[in-house]
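An overview of the molecular structure
Given next are the chains, with one letter for each unit.
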Amino acid sequence: MASSGNDPRQPSTAKPYKPQPVHPDNLPVDYSGFIAIIFGVAGVMFRYKLGSWLALIFCAQSLANMRNLETDLKQISTGFMFAVMGMVTNYLSPARAAVKT
Amino acid sequence: MANRRSPSSRFFSSLLSPRGDTLLYLIALVSIFSFFLHHISISASADSHFEGFELEEEDDDSSFLLLQSSLSDLPRRSPPPPTTLTTSSHPESHHGPPPNSNSNSNPTSPDSSDSDRDLKTSTVSSSSSFEFWDEDEFEGFPAEETVTVTPPEVAKDAKPNTPDETLTLTAEPDEITEPISLTKRIRSYSIEITCVLFLILFTVNYFIGRKENETLALAWAAKFASKDTIFDKNFSLLGVGEGDDSPLLLKEGQNVFKFYASGRRFCQGLLATMELKSRHDLISRLYNLIVPCQDEITFEVYMNEDCMDHVVFGLAKRKAAKAMQKEVVDLQRFANLMASGPNGRKWVADEFTVITESKEVAGDLITETVVDQICLLLSKWQKGSEHQQVFGEKAFEKFGKWFISMHFSDQHQSTHRKMLVVKFAIPDANHMAEMTRLVALVPYYIDLIGRYKLSSQARSKTEAARSKVAQEVYKELQNARQEALQRKKAERRKMMEEAESKLNAEALRKREAKERARQLKKAMPKIKMSRGA
């Protein structure tokens, strides 16, 4: 190793890593979660199977891109609920009627 | 982390609705409830309709025909009438599922051949109405009707029981009905199949892509941040944690990795952020097939306050440089695009554009070693020596293509003002050595800028510019403050006016009442006067 004059390292000035606070506006927007909710609502409202499936897919994407556990999970769970609800209305309701008769 | 949560939740809640997720949940519950109600009512009405219909049908055929003509616009709901076999007329067989009537009839009867022909023609002609034949629709039918309305698979089971002579006859329609029912059934589930397949692919890709990103990030760390490498020789503290065994990389999301180093002269620390492609995300991956992107790494060097002179400098490819000059605030305020390099010396290649506050800074920062090292090419030198040109071009292709941008400034608009920001693209894990020279630029520039002192002439210029900008900023601040004050004042005045007007209204009412009273009084004496008179 070179002499101390040539060595750029200065252990005394070392500072441990501090994560910088991120401004809420600078956070990346979770578009996929938002799209999932929109598709989910559409799937439920119009009994549109494809909408519910797309909502499920975008839920998966949102889940894969999740960075922050708590806040993102809230949105994803909302989208997921709408997707599942669409599935229930689309697939299970006729069977329910059959059971009834 | 904790201070990231609350603001982001605020953001999302403001994005979705003023009440946040609770409102959505409420809507969800209400809509579930309403839809269930809706379904129950629909199925109940449908059932009653069919029951009544069947009774009438059994009573007499004429009423059935009448009914059927009225119901002919609802082909999917009408059950297959038993009369189809006896009449074997085409328009009637059009309304029910032909294979069922076939299975229902006595298979050994001589009529079967006739009915099969009938079936064949109907399956061919009514393939369009066939698509309406949804199994789900018939699940809700009464039990006695399921005998007549058997799904296609029952029909298939019934056919092998037929004697040989009829088999030869039924073989033809069998060939037609089976593939249709199969393909039809597959087609009816095409959405589900594709979506489930996509989800499976997505999951598989998630794990594969995550692994790929991790290997790439680890390859980078092994190349530049392990023992006896560039960063180990330049920084005393490596990694995001404390202690010697701290992890080198911090994973933030599936495609963002951070590397931190500290303990070096002239700077407080260095933060490298790797933003890799979203390999874990199949949708982004498909999107990137159309719009390709690169793996990028951004080095942010936080300089010591006393170690950086007035330097505002940027270097990027031509288009990116123009965008930077327009978008980045400090470059916009202090720097200009530099049209041409100084004469008589090596300069950067034509692909790059320098943005700088003064020519002196640019000249001092783009040293010959830098130009040589990363071979950012040069026009003058090219002409001078044929050999160098070839070498330079080759070297540029090899190293320069990973270079994206540099931005050194003492006026950054973030928490730390004096910062060097350097951006490179990351080659793939096997060619990591190609960016070694570029990474070596980072400590080189830390030393260069740490030692750099402007000449007094340039310094006076930059100081003037800074004080001017500072004044402008101060003025803007003052203006904003004054505006805010004025707005407050106006609001207060408005409030006062409102209160006053309220008071006024009351006062007016009082005055009016008084006036009326006075006028009454005035009127009274007149009468009195007249009386008195």
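Because the structure is predicted, anything quoted here is derived from the model rather than measured. (Residues numbered from 1 in each chain as written. Chains lettered and ligands numbered in written order. Predicted model: local features only at pLDDT ≥ 70, side-chain atom pairs only at ≥ 80, totals over all residues. Heavy atoms only, no water.)

All names here are of chain A. Remark: helix α1 (residues 31–45) packs on helix α2 (residues 49–64), axes separated minimally by 7 Å, with the N-to-C direction vectors making an angle of 160°. It follows from the interaxial angle that α1 and α2 lie roughly antiparallel. Between α1 and α2 lies a crossing whose hand is left-handed. Residues S32, G33, I35, A36, F39, G40 and G43 of α1 form the contact with α2, whose own contacting residues are G51, S52, L54, A55, F58, C59, Q61 and S62. A class-by-class count of the residues in the contact of α1 with α2 yields seven nonpolar, eight polar and no charged. (Axes fitted to C-alpha atoms, helices over the stretch in contact; angles between N-to-C directions. Helix = DSSP H or I, 4+ residues; strand = E, 2+ residues; numbered from the N terminus. Parallel < 35°, antiparallel > 145°, perpendicular 65-115°, else oblique. Left-handed = near helix turned anticlockwise from the far one by under 90°. Contact = heavy atoms within 4.5 Å. Nonpolar A, V, L, I, M, F, W, Y, C, P; charged D, E, K, R; others polar.)

Another aspect to go through is the confidence of the model for chain B. Residue and element names in this part refer to chain B. Taken over all residues, the pLDDT of chain B has a mean of 71, while the share at 70 or more is 59%. Note that residues 376–392 has pLDDT below 50 and, in this model, 27 contacts with residues that lie over four places away or in other chains. Model confidence for the complex: the whole-complex pTM is 0.60, and ipTM, which rates the interface, is 0.84. (pLDDT = per-residue confidence, 0-100.)

Moving on, we get to the environment of B:L438. All names here are of chain B. Counting through the fold element by element, L438 comes out in helix α22 (residues 436–451). Taking the relative accessible area as the measure of exposure, L438 reaches 0% and is therefore buried. Each C-alpha atom of the pair L438 and V422 lies 9.6 Å from the other, and the pair is 16 residues apart in sequence. (Buried < 20%, exposed > 50% of the residue type's maximum accessible area, 1.4 Å probe, protein only.)

Within soluble globular proteins, side chains that are nonpolar tend to cluster in buried spots. Residue and element names in this part refer to chain B. In terms of nonpolar packing, the biggest core is built from 63 residues, with W220, F231, F259, L270, F299, F313 and F408 touching the most fellow members. Counting residues per element, this core draws most heavily on α22, which supplies seven residues. Ranked by size, the runner-up nonpolar core spans nine residues in total, among them V312, A321, M324 and F334. (Core = buried A, V, L, I, M, F, W, Y, C linked by side-chain atoms within 4.5 Å.)

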